[in-house]
Amino acid sequence: FSRAKRYDRNLSCIMLALENFAEIEEHYGSPISNLFIKTQARILKNSLRNADSIFRYDDNEFFIILPETTLEDAFILAERLKYHIENYNYNIEKSLDVHDETKELQSLKPKISIGISSFPHMGITSSFELIQMSDSFISQNKHHHEGHLN
């Protein structure tokens, strides 16, 4: 953040929450939920540039830092990430010895909320505000429009 502020450069962030992760973990257990979250991380990482950074923020959240990225470009990327995650063929049962839950696993689909923040837009003055704003947009999405970008 300090570099973007010093040189007056764009810096955007995306917070992505997998809303049904707790349900997956409760229903299928740790091996499936761990594989599910690792798959999400791989999809996200493969969709980013080398200059971008991705971090697991919480059990079900990822935080992505996008240097030299405008707010508009961050929205475009967020739509692309959402598309890749929602349309990925989750064939988890082939990776584990699962027999009686195969039909349910084939329909395993993530529910996603995304929050986007950007500097110098949005009146952000610190890295804390950048993270906080992305996180607050996720909270708004959970309560208003499931799967909506904000």
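Our subject is the structure that appears above.
Residues numbered from 1 in each chain as written. Predicted model: local features only at pLDDT ≥ 70, side-chain atom pairs only at ≥ 80, totals over all residues. Heavy atoms only, no water.

Take the packing of aromatic side chains next. For any two aromatic rings, the description comes down to two numbers: the centre-to-centre distance and the angle of the planes. Summed over all chains, the structure comprises one aromatic pair. Ring geometry for Y57 against F63: centres 6.1 Å apart, planes inclined by 40 degrees, an arrangement best described as tilted. On the basis of relative accessible area, Y57 is assigned to the partly exposed category, the value being 39%. (Phe/Tyr/Trp six-rings, centres within 6.5 Å; stacked < 30°, edge-to-face > 60°. Buried < 20%, exposed > 50% of the residue type's maximum accessible area, 1.4 Å probe, protein only.)

Here we come to the pairing of strand β1 (residues 11-18). Within β1, eight of the eight residues are buried, leaving the element largely enclosed by the surrounding structure. Alternating positions in β1 separate into two faces, L11, C13, M15 and A17 on one and S12, I14, L16 and L18 on the other, with burial throughout. Examined bridge by bridge, β1 and strand β3 (residues 61-67) share seven bridges and lie antiparallel to one another. Across the sheet, the residue bridging to I14 is I64, located in β3. In this structure, β1 lies alongside strand β4 (residues 112-119), joined through eight bridges in antiparallel fashion. Paired with L18 across the two strands is I112, which belongs to β4. (Helix = DSSP H or I, 4+ residues; strand = E, 2+ residues; numbered from the N terminus. Pairing = 2+ DSSP bridges.)

With an omega of 10 degrees, the peptide bond running from F119 to P120 counts as cis. By the secondary structure assignment, P120 is in the loop between β4 and α6 (127-143). The phi angle at E68 is positive, at roughly 55 degrees, despite the residue not being glycine. Assignment of secondary structure puts E68 in the loop between β3 and α4 (71-86).

Turning our attention to the pairing of strand β2 (residues 53-58). Relative to β3, β2 runs antiparallel, the two being bridged by five bridges. Note on β3: the bridge partner recorded for F55 is F63.

Opposite charge on two side chains permits them to pair, given that their charged atoms come into close proximity. In total, this model carries three salt bridges according to the counting rule given. Residues D52 and R49 are paired through a salt bridge, measuring 2.5 Å at the closest nitrogen-oxygen approach. Look at D52 and you get buried, because its relative accessible area is 11%. The salt bridge involving K82 is made with E86; its shortest N-O contact spans 2.9 Å. (Salt bridge = Lys/Arg side-chain N within 4 Å of Asp/Glu carboxyl O.)

Counting through the fold element by element, I37 comes out in helix α3 (residues 30-46). For I37, a relative accessible area of 6% translates into the label buried. The spacing of I37 and R56 is 19 residues in sequence and 9.5 Å in space, taken between C-alpha atoms. Other than its neighbours up to four places away in sequence, I37 contacts L18, F21, R56, D59, N60 and F62. (Contact = heavy atoms within 4.5 Å.)

As summarised here, the arrangement of the four strands in space is β2-β3-β1-β4, forming an open sheet in which the pairing is antiparallel. Strands at the two margins of the open sheet, each flanked by one partner only, are β2 and β4. The mean inter-strand angle of the sheet, taken between neighbouring strand axes irrespective of direction, is 20 degrees. Packing against the sheet, α4 makes contact with β1, β3 and β4, and its axis sits at approximately 160 degrees to β4. (Axes fitted to C-alpha atoms, helices over the stretch in contact; angles between N-to-C directions.)

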